[in-house]
Amino acid sequence: MSNSHEPIPLSQAQRPFFVGVDVGGTNIKIGFVDDLGQTFAFTSIPTEEEKGPEDAIERTTTAIRRMLADRQMQMEDIAAVGLGTPGTMDIPAGMILEPPNMPAWRNFPVRDRLSQACGRPVSYANDANAAAYGEYWVGSGREFPSIVLLTLGTGVGGGIIIGDLSIDGENSHGSECGHIIIDYHDTARMCGCGQRGHLEAYGSATALVKRAEEALEAGRPSSLRAALDAGQTLSGLMLARHAEDGDELSLELIMETAFYLGIAGVTLIHTIDPGALILGGAMNFGGHNRDLGRRFLERIREVVRERAFPVPASRVVIDYASLGGDAGYIGVAGIARAAYRKK
């Protein structure tokens, strides 16, 4: 499957065409996607969050027009545009409300302003749901009518797609899988959102590093100590390297993270009963290409098999995402395509 870094020639792209715009705190990814989910043009521009959304929309539209001109295309050649941003948001109203890492973007009608700027209809989505839709459409979930995506990184994002529909919820807070509760005790770990016991407080890279710090402070033996004494910064990547080199503490903590994700997976499987549970994001420990990544994935599968109902446990496919950083813009292009086809 093509991605933004290996675009197909325009001559091979199948109409109608769509644009996917994936807004992140650092960069805005812009991709031209055809009716089969293939990318035939891609660029990325800096978000420059502090300049606000009006400036970003102007630069995004300029980039789109430049990409069109380079291919001797017109804006009318684009059927629709998809836009994904971080939450919180009011999706029906097209409003980005209070994105935690983008204070200059608060309470802004981002969907309609982009539509006005480029003169095309715009579909709006949460960035994690957009990534889920990308995996559902042309990624690891393409063979299934329903999927759940967990994005593993600094936090834990989530997306749920059922029958071509992104589950946004009544108040645009649907599919917040990183905030399901896996520990109800008053002493549960604090999540970045300010509540206790959420998956993100146990299954994210941030949580993994936090538990490593606590273990070292408690005197657990580990080769991590020498690395820290040498001035290195504790990170998930450091833990992965040391686990692969035989450090028992690092491996224990990574497998513990897999356990927490498996527990959350059971809850999601019992709630959604999806065809696939897909794991995306940067924290995959090398994925299928590394022994540690394969062990991490298998541990999650083991927990699901041990604790979920037998039928869904035996049938659900649990695997890594395949689109990487392209999932967001491909996904919002797919959401725009679905809206276009419903007209």
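Data block above holds the structure.
All values derive from a computational prediction rather than experimental measurement.

Caption draft 1: Fine view of helix α9 (residues 291-307). Taking 1.5 Å per residue as the helical rise, α9 with its 17 residues ought to reach 24 Å, and the 24 Å between its terminal C-alpha atoms agrees with that figure. All buried positions along α9 are accounted for by L292, G293, F296, L297, I300, V303 and V304. An end-on view of α9 places all buried positions within 140° of arc, on one side of the element.

Caption draft 2: Representation of the side chain of S140 within the structure. Mapped onto the elements of the fold, S140 is located in the loop between α3 (127-138) and β8 (146-152). When near neighbours in sequence (up to four residues on either side) are disregarded, S140 contacts E135, I278, Y320, A321 and S322.

Caption draft 3: Fine view of the sheet that holds β8. Strand order across the open sheet formed by five strands is β10-β9-β8-β11-β12, with mixed pairing between neighbours. Edge positions in the open sheet fall to β10 (165-166) and β12 (317-320), since each of these has one partner strand only. Strand direction decides the pairing type here: β8 and strand β11 (residues 276-280), joined by five bridges, are parallel. Counterpart to L150 in the pairing with β11 is L279.

Caption draft 4: Examining the environment of L261 more closely. Looking at the secondary structure, you find L261 in helix α8 (residues 248-272). The exposure class assigned to L261 is buried, which follows from its relative accessible area of 1%. L261 sits 59 residues away from Y202 along the chain, and the two C-alpha atoms are 8.2 Å apart. Contact partners of L261, with chain neighbours within four places excluded, come to L150, L152, L199, G203, F296 and I300.

Caption draft 5: Focus on the pattern of salt bridges. The final tally for this structure, using the stated rule, is 15 salt bridges. The salt bridge involving D55 is made with R59; its shortest N-O contact spans 2.8 Å. Of this pair, D55 and R59 are both found in helix α1 (residues 52-70), four residues apart, which corresponds to roughly one turn of the helix. Measuring nitrogen to oxygen at the nearest pair gives 2.7 Å for the salt bridge that ties E252 to R220. With E252 in helix α8 and R220 in the loop between α5 (205-217) and α6 (224-229), this pair connects stretches of sequence that are 32 residues apart. Classification of R220 as partly exposed rests on a relative accessible area of 32%. Residues joined in a network through salt bridges with shared partners are E48, K51, D55 and R59.

Caption draft 6: Region of interest: the sheet that holds strand β3 (residues 39-46). Strand order in this open sheet of five strands is β3-β2-β1-β4-β7, and the pairing throughout is mixed. Two strands in the sheet have a free side with no partner beyond their single neighbour: β3 and β7 (122-126). Neighbour-to-neighbour, the strand axes of the sheet open up by a mean angle of 15°, direction not taken into account. As judged from the seven bridges shared by strand β2 (residues 27-33) and β3, these two strands associate in the antiparallel manner. When the sheet's bridge partners are listed, K29 is paired in β3 with S44. Lying on the sheet, α1 is in contact with β1 (17-23), β2, β3 and β4 (78-85); it crosses β2 at an angle near 35°.

Caption draft 7: Seen up close, the pairing of β11. Counted residue by residue, β11 has five buried out of five residues, so it is predominantly covered. The alternating pattern of β11 places A276, I278 and G280 on one face and L277 and L279 on the opposite face, and all of these are buried.

Caption draft 8: Main features of the pairing of β7. Of all five residues in β7, five are buried, a share of seventy percent or more. Across the two faces of β7 the burial is the same, with V122, Y124 and N126 and S123 and A125 all buried. As paired elements, β4 and β7 share five bridges and run parallel to each other. Residue pairing across strands places V81 opposite V122, the latter belonging to β7.

Caption draft 9: Representation of the side chain of T61. On the secondary structure map, T61 appears in helix α1. A polar contact is formed between the side chain of T61 and the backbone oxygen of I57, at a distance of 2.9 Å.

Caption draft 10: Here's a closer look at α1. Over its 19 residues, α1 runs 28 Å from end to end, which matches the ideal 27 Å to within 8%, given 1.5 Å per residue. Among the residues making up α1, those that are buried are G52, P53, A56, I57, T60, T61, A63, I64, M67 and L68. Those residues of α1 that are buried are in contact with β1, β2, β3, β4 and α2 (110-118). Looking one or two residues past α1, Q72 carries a phi angle of roughly 55°, positive in sign.

Caption draft 11: Representation of the nonpolar core. By size, the foremost hydrophobic cluster in this structure holds 44 residues, and its most contacted members are L150, L152, I254, F285, F296 and V304. Considering every element that reaches this core, the biggest residue donor is α8, with ten residues. Core analysis: the next-biggest nonpolar cluster, separate from the first, contains 34 residues, V81, M89, F108 and V110 among them.

Cut-offs applied
- Residues numbered from 1 in each chain as written.
- Predicted model: local features only at pLDDT ≥ 70, side-chain atom pairs only at ≥ 80, totals over all residues.
- Heavy atoms only, no water.
- Helix = DSSP H or I, 4+ residues; strand = E, 2+ residues; numbered from the N terminus.
- Expected span 1.5 Å × (residues − 1).
- Buried < 20%, exposed > 50% of the residue type's maximum accessible area, 1.4 Å probe, protein only.
- Arc of directions from axis to C-beta.
- Contact = heavy atoms within 4.5 Å.
- Pairing = 2+ DSSP bridges.
- Salt bridge = Lys/Arg side-chain N within 4 Å of Asp/Glu carboxyl O.
- Axes fitted to C-alpha atoms, helices over the stretch in contact; angles between N-to-C directions.
- Polar contact = N/O pair within 3.5 Å; in protein donor to acceptor, adjacent residues only side chain to side chain.
- Core = buried A, V, L, I, M, F, W, Y, C linked by side-chain atoms within 4.5 Å.

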